[in-house]
Amino acid sequence: MAGILVAGTSSDAGKSLIVAGLCRAWARQGIKVAPFKAQNMSNNSMVCPDGSEIGRAQYLQAIAAGVEPSAVHNPVLLKPATDRRAFIVLRGQPGGTLEAGEYTSGRTRLAEAAFEAYRELEAAYDLVVCEGAGSPAEINLRRGDYVNFGLARRFDLPTLLVGDIDRGGILASIFGHWAIVDDDDRALLAGYLINKFRGDQAVLDPGLDELTARTGLRCFGVMPWLNQVWLDSEDALAFAKWPRLPGRAGTLRVAAIRFPRISNATDLDALAAEPGLDVFVTASPQDIASADLVVLPGSRSTLADLAWLRELGLADALISRASAGGPILGICGGYQMLTQTIDDPIESRLGTEAGLGLLPARVRFSEEKLLGRPTGDWQGHPVVGYEIHHGVVEPTGGEPFLDGIRVGNTWGTIWHGAFENDGFRRAWLAGLAATVGSAWQPAPGAPGFAERRRLMLDSLADALEENVDLPALLALTGHRGTS
């Protein structure tokens, strides 16, 4: 069967979105295509319709390909808990932990699970578009690798190297990748693609010609910088891509606290995509005091990130803000921090600590991981979300809000994805604007979040068709194309 590996010169080189765009472009040609990432390391994840958990980027890629997302598209997901320990999600369900010292030696069972998932896709689809992880030139990790050249060698996959020119040094980076890997890996490198280019390509072309002459690698195209391509990232670097709107009357300023172990930061995408909102990340007490709304997003290590809040003076700033009636929203781990007590022997392994005390509830962590796609409503607006958590919040008072509670202008919910529901999001924001004295109102005719995602995927596919030799890439895979 046909397949290709899309690797990157670094994290955030754009390989996730290139894979999404390729899936969309080839699906539009009538090819039965599926995305695949053997192993992802990310705290941005999603619950699939079958109840399995996968990386958010692979969920997007499956949508781009027109297939139902499931754990077969991302059989191994590593969710960092500390600098030396990650939680394993294996075929969509909890699979234990991986310590730093086990990274190169303790992954045999993970590799076999990944290879088996690939075989399932290979048997069911005409074309599998695989995404690598990090850089395939990390030769210190080559032994035991099963997501970059380890996967490509196992299934004889031609490899496309995607490089981010916006970072600088792209010619040297591509040359270095070609030079440092061993001969057998190098034989699978079919060529490269330049991503995020701005400027006159005629200035770049002599460098590309020389790079191809020295390495024999073909340049399959140069992708331009695409301003509106930033939703559903698996990487916290996506914060840098959020559109910043100019300050003006009626604009709502939303400060999102950037926890060291932030999880499911994609909850903020729907707010950042809403016209008239300026969403930015911060670790500044001054921003907490001045913003119209402060969001505490999810955390993979609630108590550790709560201690960080206190160390930086952010906890005191939040308490002062709440006492003054300033709106605060906590989502999942952020909601847990707003409660009175948190007992966590599982994720942070720090036992029982006091929360911020802004919402009347206590939190107890259990070994069982809760995964689901709950539904509900708020003031007549239907809401569909998803939940991924060990911590269970037990309210002792407050007014109901989705699955959580509110007290005054402090709100909490365990549900991720709630703000992707357009009617709920816009009604809730309109009420918030009135509370803080803003003239903000939903922009008439503005596309909803799902529509924004669809437009993004189609614009990706359009850009690939215009700037990349897709027929040549398809020929590399062994697929014969469509009649």
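Computed from a predicted structure; not experimentally measured. (Residues numbered from 1 in each chain as written. Predicted model: local features only at pLDDT ≥ 70, side-chain atom pairs only at ≥ 80, totals over all residues. Heavy atoms only, no water.)

Would you take a moment to explain the overall build of the protein for this structure?
Along the backbone of the protein there are 15 helices and 27 strands. The C-alpha radius of gyration computed for the protein amounts to 23 Å, which stays within 12% of the reference 23 Å derived for 483 residues, consistent with globular compactness. Of the contacts made within the protein by residues no fewer than 6 positions apart, 74% connect residues no fewer than 24 positions apart. A total accessible area of about 18,000 Å² is found for the protein, and carbon and sulfur atoms account for 50% of it. Taken as two groups, the 44 positive and 57 negative side-chain charges of the protein have centres that lie 1 Å from each other. (Helix = DSSP H or I, 4+ residues; strand = E, 2+ residues; numbered from the N terminus. Rg over C-alpha atoms; globule rule 2.2 N^0.38 Å. Contact = heavy atoms within 4.5 Å. Areas by Shrake-Rupley, 256 points an atom, 1.4 Å probe, with all protein chains shown as cover. Lys, Arg positive; Asp, Glu negative; His and termini not counted. Charge placed at Lys NZ, Arg CZ, Asp CG, Glu CD.)

What's the story with the packing of helix H1 (residues 15–28) against helix H2 (residues 56–65) in this structure? I'm lost.
The description of two helices packed together rests on the angle between their axes and the distance between the axes. In the contact formed by H1 and H2, the axes pass within 7 Å of each other and the chain directions differ by 15°. As summarised for this structure, H1 and H2 are arranged roughly parallel, according to the angle between their axes. Handedness of the H1/H2 crossing: right-handed. Residue-level contacts link Ser-16, Leu-17, Val-19, Ala-20, Cys-23, Arg-24 and Ala-27 of H1 to Ala-57, Leu-60, Gln-61, Ile-63, Ala-64 and Ala-65 of H2. Class assignment of the residues belonging to the contact of H1 with H2 gives a composition of 10 nonpolar, two polar and one charged. (Axes fitted to C-alpha atoms, helices over the stretch in contact; angles between N-to-C directions. Parallel < 35°, antiparallel > 145°, perpendicular 65-115°, else oblique. Left-handed = near helix turned anticlockwise from the far one by under 90°. Nonpolar A, V, L, I, M, F, W, Y, C, P; charged D, E, K, R; others polar.)

For this particular structure, what's the right way to read unusual backbone geometry?
A negative phi holds for most residues other than glycine; trans holds for most peptide bonds. The phi dihedral of Asp-156 is positive, around 55°, even though this residue is not glycine. Structurally, Asp-156 can be placed in the loop between helix H4 (149–155) and strand E10 (159–164). With a relative accessible area of 58%, Asp-156 lands in the exposed category. The backbone phi angle of Leu-402 is positive, close to 50°, even though this residue is not glycine. Relative to the assigned elements, Leu-402 resides in the loop between strand E25 (399–401) and strand E26 (404–407). (Buried < 20%, exposed > 50% of the residue type's maximum accessible area, 1.4 Å probe, protein only.)

Quick question: what am I supposed to make of the nonpolar core here?
As a rule of thumb, nonpolar side chains are buried together in soluble globular proteins. Core analysis: the largest hydrophobic core is formed by 83 residues, its most contacted members being Leu-22, Trp-26, Phe-36, Val-129, Ile-194 and Leu-473. Ranked by the residues each element gives to this core, the list is headed by H1, at eight residues. Excluding anything up to four places from it in sequence, Leu-473 contacts Ile-4, Leu-22, Trp-26, Leu-160, Phe-220 and Val-468. Of all hydrophobic cores here, the second largest spans 64 residues; its members include Leu-293, Ile-331, Ile-346 and Ala-433. (Core = buried A, V, L, I, M, F, W, Y, C linked by side-chain atoms within 4.5 Å.)

Explain the pattern of salt bridges to me, please; I cannot follow it from the model alone.
Any two side chains of opposite charge can pair, given that their charged atoms come close. Under the counting rule described, the total for this entry stands at 29 salt bridges. With its nearest N and O atoms 2.5 Å apart, the salt bridge here joins Asp-185 to Arg-153. Here the residue Asp-185 occupies a position in helix H6 (residues 183–186), and Arg-153 occupies one in helix H4, the gap between them amounting to 32 residues. For Asp-185, a relative accessible area of 2% corresponds to the buried category. Counted as one network, the salt bridges with shared partners bring together Arg-24, Arg-28, Glu-451, Arg-454, Asp-458, Asp-462 and Glu-465. (Salt bridge = Lys/Arg side-chain N within 4 Å of Asp/Glu carboxyl O.)

What's the story with helix H7 (residues 201–215) in this structure? I'm lost.
A turn of α-helix holds 3.6 residues, and therefore any two residues three or four places apart point the same way. Taking 1.5 Å of rise per residue, the 15 residues of H7 would be expected to cover 21 Å, and the 20 Å separating its terminal C-alpha atoms lies within 8% of that figure. Every buried residue belonging to H7 is among Leu-204, Leu-208, Leu-211 and Thr-215, and all of these are buried. End-on, the buried residues of H7 take up no more than an arc of 60°, which puts them together on one face. In H7, the exposed positions angled more than 90 degrees off the buried face are occupied by Ala-202, Pro-206, Asp-209 and Ala-213. Looking at the buried positions of H7, the neighbouring elements they touch are helix H5 (170–180), strand E11 (189–197) and strand E12 (218–224). Capping the start of H7, Asp-200 holds a side-chain oxygen 3.0 Å from the backbone nitrogen of Ala-202, two or three residues further along. (Expected span 1.5 Å × (residues − 1). Arc of directions from axis to C-beta. Polar contact = N/O pair within 3.5 Å; in protein donor to acceptor, adjacent residues only side chain to side chain.)

When you look at the sheet that holds strand E16 (residues 293–296) in this model, what are you seeing that I'm missing?
The strands making up a sheet associate through backbone hydrogen bonding, with each pair oriented either parallel or antiparallel. In space, the seven strands of this open sheet follow the order E15-E13-E16-E18-E27-E26-E25, with mixed pairing throughout. Edge positions in the open sheet fall to strand E15 (277–282) and E25, since each of these has one partner strand only. Strand-to-strand twist in this sheet, taken as the mean axis angle between neighbours without regard to direction, amounts to 20°. Set on the sheet, helix H11 (residues 314–323) makes contact with strand E13 (252–257), E16, strand E18 (328–331) and strand E27 (410–413); between it and E16 the angle comes to about 130°. (Pairing = 2+ DSSP bridges.)

How do you make sense of the environment of Ala-123 when you look at a structure like this?
Tracing the backbone shows Ala-123 in helix H3 (residues 108–124). Each C-alpha atom of the pair Ala-123 and Ala-283 lies 48 Å from the other, and the pair is 160 residues apart in sequence.

Mind showing me how you'd approach the side chain of Arg-56 here?
The residue Arg-56 is located in helix H2 in this model. Side chain to side chain, Arg-56 and Tyr-386 meet in a polar contact 2.8 Å long.

Hey, could you run me through the packing of H1 against helix H15 (residues 470–477) in this one?
Put simply, H1 and H15 touch, their axes get as near as 12 Å, and they point 90° apart. Comparing their axes, H15 and H1 come out roughly perpendicular. Of the residues in H15, those touching H1 at Leu-22, Ala-25 and Trp-26 are Leu-470, Leu-473 and Leu-474.

Honestly, that's just the spatial picture; any functional story needs more than this.
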